[in-house]
Amino acid sequence: MKIIFATQNKGKAKEVKAIFANSPFKIISLYGLGNEIEIEETGSTFQENSFIKAKAIFDIYKEPVIADDSGLEIEQLDGRPGVYSARYAGENCTFDDNNLKVIEELKKFPEPHRAKFISYAVFYDGKNRIETIGELHGQIIKEPRGTNGFGYDPIFIPDGFDSTLAELSLEEKNKISHRAKSFQKLKEALARI
Ligand code: ITT
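Residues numbered from 1 in each chain as written. Predicted model: local features only at pLDDT ≥ 70, side-chain atom pairs only at ≥ 80, totals over all residues. Heavy atoms only, no water.

Undergrad: Kindly report on the overall build of the protein, identifying the contributing residues and their values.
TA: Across its full length, the protein holds five helices and six strands. Each helix and strand of the protein, placed in order from N terminus to C terminus, yields the pattern β-α-β-α-β-α-β-β-β-α-α. Expected size for 193 residues packed as a compact globule is a radius of gyration near 16 Å; at 16 Å, the protein falls within 12% of this value. If one aligns the C-alpha atoms of the protein with their principal axes, the spans along those axes are about 50 × 30 × 25 Å. In the protein, buried positions account for 48% of the 193 residues. Within the protein, residue pairs in contact and separated by at least 24 positions form 60% of the contacts whose partners lie at least 6 positions apart. Positive and negative side-chain charges in the protein, numbering 27 and 30 respectively, have mean positions lying 5 Å apart. (Helix = DSSP H or I, 4+ residues; strand = E, 2+ residues; numbered from the N terminus. Rg over C-alpha atoms; globule rule 2.2 N^0.38 Å. Buried < 20%, exposed > 50% of the residue type's maximum accessible area, 1.4 Å probe, protein only. Contact = heavy atoms within 4.5 Å. Lys, Arg positive; Asp, Glu negative; His and termini not counted. Charge placed at Lys NZ, Arg CZ, Asp CG, Glu CD.)

This is how it looks when you write it as structure tokens:
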């Protein structure tokens, strides 16, 4: 089955394509379709926003779609950046801007800075709507390390590791990440419909 992944985030697309490799599902990214649409994420939860993205792309192509809304929740920041993770430092900000803002805000708190990544994944084909969740717990460090991955990966150390997510390979991140968990569950659920 051909499935469109409703994301403009190339890091996410790479990860999810690898999760669906060797499966009956062929994942096509918006990038692969030459579509640069920016979907407005008007929901206030990860769950609402993931479906908003999936539905917007389904309405255009009328083909099965998957989407992911994800983010980082830091305990000492009362769960921020949360649903605002992508644009935490403002419109058109870079991943580095977001990391610097988090580091700045954490300066007044003692270590460890406990945090978790969350991914809400969804499949929608106009009839079936399947939703799954994955989490990854760890802590934030104040010196970014590593160049792999994207987003907050250089400042996040998963529990049980000494490396940041940005120091792990794609394969290693895909064994433990919030997104790997949510999409693995989605893949298993899809095999049953
Ligand atoms: P799409 O909406 O087009 O999929 P996006 O990057 O805007 O791309 P989200 O709205 O789901 O995606 O925002 C997720 C943000 O949370 C992302 O931009 C990162 O800042 C952060 N994030 C999520 N998963 C992450 C991961 O695995 N590693 C690092 N940062 C992550």
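Undergrad: So what's going on with the site of the ligand? Which residues, and what values?
TA: Neighbouring the ligand are 22 residues, the closest being T7, K12, K53, D153 and K173. In the environment of the ligand, an oxygen atom lies 3.2 Å from a nitrogen or oxygen atom belonging to the side chain of D69. Residue D153 places a side-chain N or O atom 2.6 Å away from a nitrogen atom belonging to the ligand. For the ligand, the accessible surface in isolation is 610 Å², of which the surrounding protein chains cover 93%. Here the ligand occupies the largest pocket. Secondary-structure elements contributing two or more residues to the shell around the ligand are strand 3 (65-74) and helix 5 (178-190). A total of four residues in the shell around the ligand trace back to one element, the largest contributor, which is strand 3. A per-class count over the shell around the ligand returns five nonpolar, eight polar and nine charged. (Near = heavy atom within 4 Å. Polar contact = N/O pair within 3.5 Å; in protein donor to acceptor, adjacent residues only side chain to side chain. Areas by Shrake-Rupley, 256 points an atom, 1.4 Å probe, with all protein chains shown as cover. 1 Å grid on protein atoms, 1.4 Å probe; cavity = no way out; pocket = protein on both sides within 12 Å on 5 of 7 lines; lining within 4 Å. Sits in = over half its atoms within 2 Å of the grid points. Nonpolar A, V, L, I, M, F, W, Y, C, P; charged D, E, K, R; others polar.)

Undergrad: Go over the layout of surface pockets, please, and point to the residues and values.
TA: In this structure, the largest pocket encloses a volume near 1300 Å³. Only helix 1 (10-20), helix 2 (46-61), strand 3, helix 3 (95-106) and helix 5 provide two or more residues apiece to the lining of the largest pocket. Per-element tally for the lining of the largest pocket: the top contributor is helix 1, with four residues. By volume, the second largest pocket amounts to about 160 Å³. Lining the second largest pocket, in full, are G11, K14, E15, N148, G149, F150, L165, L168, S169, L170 and K173. When contributions to the lining of the second largest pocket are tallied by element, the ones reaching two or more residues are helix 1 and helix 4 (170-176). The element best represented in the lining of the second largest pocket is helix 1, accounting for three residues. (Points joined across faces, edges and corners; volume = space filled by probe spheres on them.)

Undergrad: Would you mind going over the packing of helix 1 against helix 5 in detail, with residue names and values included?
TA: Two numbers describe how helix 1 lies on helix 5: the axes approach to 10 Å, and their chain directions differ by 40°. As far as their axial angle goes, helix 5 and helix 1 are oblique. Helix 5 is crossed by helix 1, and the crossing has right-handed handedness. Of the residues in helix 5, those touching helix 1 at K12, E15, V16, I19 and F20 are R179, A180, F183, Q184, K187 and L190. In terms of residue class, the contact of helix 1 with helix 5 is built from six nonpolar, one polar and four charged. (Axes fitted to C-alpha atoms, helices over the stretch in contact; angles between N-to-C directions. Parallel < 35°, antiparallel > 145°, perpendicular 65-115°, else oblique. Left-handed = near helix turned anticlockwise from the far one by under 90°.)

Undergrad: Tell me about helix 5, and name the residues and values.
TA: Its 13 residues place the ends of helix 5 18 Å apart at the C-alpha level, agreeing with the 18 Å of an ideal helix rising 1.5 Å per residue. Turning to helix 5, its buried residues number three or more, namely H178, R179, A180, S182, F183, L186, K187, A189 and L190. A distance of 3.3 Å separates the backbone nitrogen of R179 from a side-chain oxygen at the start of helix 5, and that oxygen is part of S177. (Expected span 1.5 Å × (residues − 1).)

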